[in-house]
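Architecture at a glance
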Amino acid sequence: MIQRLYLKDLLSFEEVNLEFAQGLVVFTGPSGAGKSLLMQALLANLGIGSSEAKLCETELAKPASMESEDLLLEDPLVVRVLRKDRTRFYLNDQQISKRRLGELFAPYLSYLSVRDRGGFESERLLAILDAAAAERDSEAEKLREEYRRRYRIYRERREELERLREDEKRLAELIEFARFEIDKIASIDPREGEYEELLQIKQRLSRLDRIREAMERASAIFELEESVQEVFRLMEKEGEYFSEAMNRLRADFEDTETLAEELAEVDVEEVLDRLEQLSNLIRRYGSIAEALEYRRAKEEELAGYEHIEEDRSELERFVREEETALQELAGKISEHRHAAAKTLEEKLTGILDRLKLPAVLFELEPAELSEWGADRADLSLQGSTTATLSGGEFNRLRLALMSVALPEDGEERGVVFLDEIDANVSGDESIAIAEMIGELAKKRQVFAISHQPHLSARADQHILVRKEGDRSLALSLEEPERLQELSRIVAGEGADEEVLAFVRKLRPADQGPQKRKEHR
């Protein structure tokens with residue numbers, strides 16, 4: 001049950017602070033005053049649609065069965081929506097996404113709008129039949145849960161099989177490409193570090209002639225070695241350090257000469273060609289290591305292609321066997337749906353008669369396997385389809401269907417929203433709709449926008465939405481003011497005593513006065 005609504009800066013509303021009664025809460029007022037804005041603000045705080053309010057807060061009684069692993073749910077539930085640079089949602093001061101908010105409240109809400117021409121799609125009708133079947137027999141819900149779980153896996157495997165078949169069509173091309181990539185790298189057969197080694201060789205080759213020229217000039221130092229040793233002897237000084245230095249120099253010169261001889265045997269063109277090959281790999285793959293890793297990945301990919309036929313056969317077997325099992329489950333679900341359809345048709349008979357509508361039949365036809373089983377659902381009214389109904393007939397049928405589809409536990413599925421559901425109907429039809437909604441409101445809280453006196457007269461709380469200048473106001477009416485508003489609905493602003501006497505008769509005797517509140 002929604003206990004309170006508070007909002008600020010909702011288009012023509014500056015501020016609204018309403019406390020709601022149990023049962024039937026009706027919004028009335030001239031067209032364009034803002035009734036739909038208020039209802040949409042309520043719905044937006046429950047995750048349905050959007051609201052333009054800068055701040056909107058609702059307080060609700062927590063349904064006993066509402067649970068969450070990631071949210072702290074305390075009674076009462078307070079939903080706050082703030083709209084500035086972006087819209088933020090909070091549940092008991094815990095930030096929450098709009099999608100998550102909608103999922104949380106969806107099981108406890110029903111919404112019908114005159115502007116919505118939906119409601120009889122196959123999926124919705126199947127959902128109604130499944131809910132009715134679960135109430136008749138708990139086995140029906142277990143079957144649906146098992147079917148949903150297995151169908152989800154079946155669909156994933158079937159999609160995998162389709163991808164595999166597509167790959168198989170391109171298999172020859174994929175294999176050819178993988179082998180081409182592998183052979184291209186294998187023909188070069190690079191090794192890590194090779195490119196850097198060849199660069200060093202290239203640099204040394206480029207300096208080889210200059211090294212030899214410098215060594216030839218520097219070799220004259222060895223011709224003076226004996227003379228320097230003679231000087232040390234004559235001066236009676238130790239010359240070992242000089243001898244050691246010359247020996248080291250002689251060894252370095254010999255190493256350099258050996259390297260020069262080795263480099264002289266190197267094929268320069270071969271080095272340059274190899275560097276060019278390795279450079280091409282580096283440009284394509286980033287490095288020699290990455291080229292080798294790419295080759296390894298392609299080799300694994302090629303090995304995988306060799307098993308593709310085996311994988312396809314295994315998937316085909318699974319999909320075929322699971323499809324047979326799902327067809328069997330879907331058949332059992334269909335049996336429960338047919339039984340539930342008979343029950344709902346019996347329940348609808350009296351309701352539709354009161355609403356001046358013909359009897360309705362649920363039609364279940366075989367369909368391809370889907371997440372809904374193997375059924376397609378439709379409604380038939382004396383051989384006609386829902387597409388041929390007038391606006392008033394359409395809305396009355398939706399109301400009747402919703403009434404029988406709602407679970408018996410009204411506390412757990414507590415709130416119904418009806419947006420001008422009694423529009424485009426005659427007087428007798430309006431009375432029948434009002435009686436039905438009145439009975440519904442004994443078990444659930446019902447919010448309704450109405451332009452008809454019969455439904456408004458039955459309200460447990462009557463809220464008038466009107467405008468003063470460019471500002472909208474919401475007033476929770478006391479009894480005398482309710483009679484005035486009902487008179488306006490019946491006869492416009494020029495209502496007389498005769499109209500007033502008529503609307504007094506519309507008001508149930510047990511409806512007491514309400515406290516008056518005005519909100520701008």
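Residues numbered from 1 in each chain as written. Predicted model: local features only at pLDDT ≥ 70, side-chain atom pairs only at ≥ 80, totals over all residues. Heavy atoms only, no water.

1. Let's talk about the confidence of the model for the chain
When pLDDT is low, close inspection of the predicted coordinates is not appropriate. Mean pLDDT for the chain: 86, with 95% of residues reaching 70 or above. When the criterion is pLDDT under 50, residues 512–520 qualifies, and its contacts beyond four places in sequence or with other chains add up to 39 contacts. (pLDDT = per-residue confidence, 0-100. Contact = heavy atoms within 4.5 Å.)

2. Here's the deal with the packing of helix H6 (residues 194–218) against helix H9 (residues 268–285)
Two elements in contact, H6 and H9, have axes whose closest approach is 10 Å; the angle formed by their N-to-C orientations is 140°. Relative to H9, the element H6 lies oblique. Taken as a pair, H6 and H9 cross one another with a handedness that is left-handed. Contacts between H6 and H9 involve Glu194, Tyr195, Leu198, Leu199, Ile201, Lys202 and Leu205 on the former and, on the latter, Val268, Val271, Leu272, Arg274, Leu275, Leu278, Ser279 and Ile282. Split by residue class, the contact of H6 with H9 holds 11 nonpolar, one polar and three charged. (Axes fitted to C-alpha atoms, helices over the stretch in contact; angles between N-to-C directions. Helix = DSSP H or I, 4+ residues; strand = E, 2+ residues; numbered from the N terminus. Parallel < 35°, antiparallel > 145°, perpendicular 65-115°, else oblique. Left-handed = near helix turned anticlockwise from the far one by under 90°. Nonpolar A, V, L, I, M, F, W, Y, C, P; charged D, E, K, R; others polar.)

3. Focus on empty space enclosed by the protein
Here the structure, examined in full by the defined rule, presents one cavity of 30 Å³ or more. Surrounding the largest cavity, Asp130, Ala133, Ala140, Glu141, Arg144, Ile333, His336 and Arg337 form its lining. Those elements that place two or more of their residues in the lining of the largest cavity are helix H3 (122–136), helix H4 (138–169) and helix H11 (308–354). In terms of residue class, the lining of the largest cavity is made up of three nonpolar, one polar and four charged. (1 Å grid on protein atoms, 1.4 Å probe; cavity = no way out; pocket = protein on both sides within 12 Å on 5 of 7 lines; lining within 4 Å. Points joined across faces, edges and corners; volume = space filled by probe spheres on them.)

4. What to know about the pattern of salt bridges
Taken as a whole and assessed by the stated rule, the structure comprises 39 salt bridges. Ionic pairing is found between Arg100 and Asp70, a salt bridge with its closest N-O pair at 3.0 Å. Taken together, the positions of Arg100 in helix H2 (residues 98–105) and Asp70 in the loop between strand E4 (55–60) and strand E5 (77–83) put the pair 30 residues apart, joining distant regions of the chain. Beyond isolated ion pairs, a larger network of salt bridges with shared partners links Arg4, Glu57, Glu59, Arg80 and Asp93. (Salt bridge = Lys/Arg side-chain N within 4 Å of Asp/Glu carboxyl O.)

5. Looking at the packing of aromatic side chains
For the coordinates displayed, the defined rule picks out 10 aromatic pairs. Aromatic pair Phe120 and Phe394: ring centres 4.9 Å apart, planes at 75°, arrangement edge-to-face. Of the two residues, Phe120 sits in the loop between strand E8 (109–113) and H3 while Phe394 sits in helix H12 (residues 391–405), which places them 274 residues apart along the sequence. Given the relative accessible area of 4%, Phe394 is considered buried. Seen from their ring centres, Phe232 and Phe242 are 6.0 Å apart, and the 40° between their planes marks the pair as tilted. Of the two residues, Phe232 sits in helix H7 (residues 225–234) while Phe242 sits in helix H8 (residues 240–265), which places them 10 residues apart along the sequence. Its relative accessible area of 15% is what places Phe232 among the buried residues. Linked through ring pairs, Phe20, Phe27, Phe417 and Phe447 together constitute an aromatic cluster. For the cation-ring pair, Arg157 lies above Phe318, with the distance from its terminal atom to the ring centre recorded as 4.7 Å. (Phe/Tyr/Trp six-rings, centres within 6.5 Å; stacked < 30°, edge-to-face > 60°. Buried < 20%, exposed > 50% of the residue type's maximum accessible area, 1.4 Å probe, protein only. Lys NZ or Arg CZ within 6 Å of the ring centre and 35° of its normal.)

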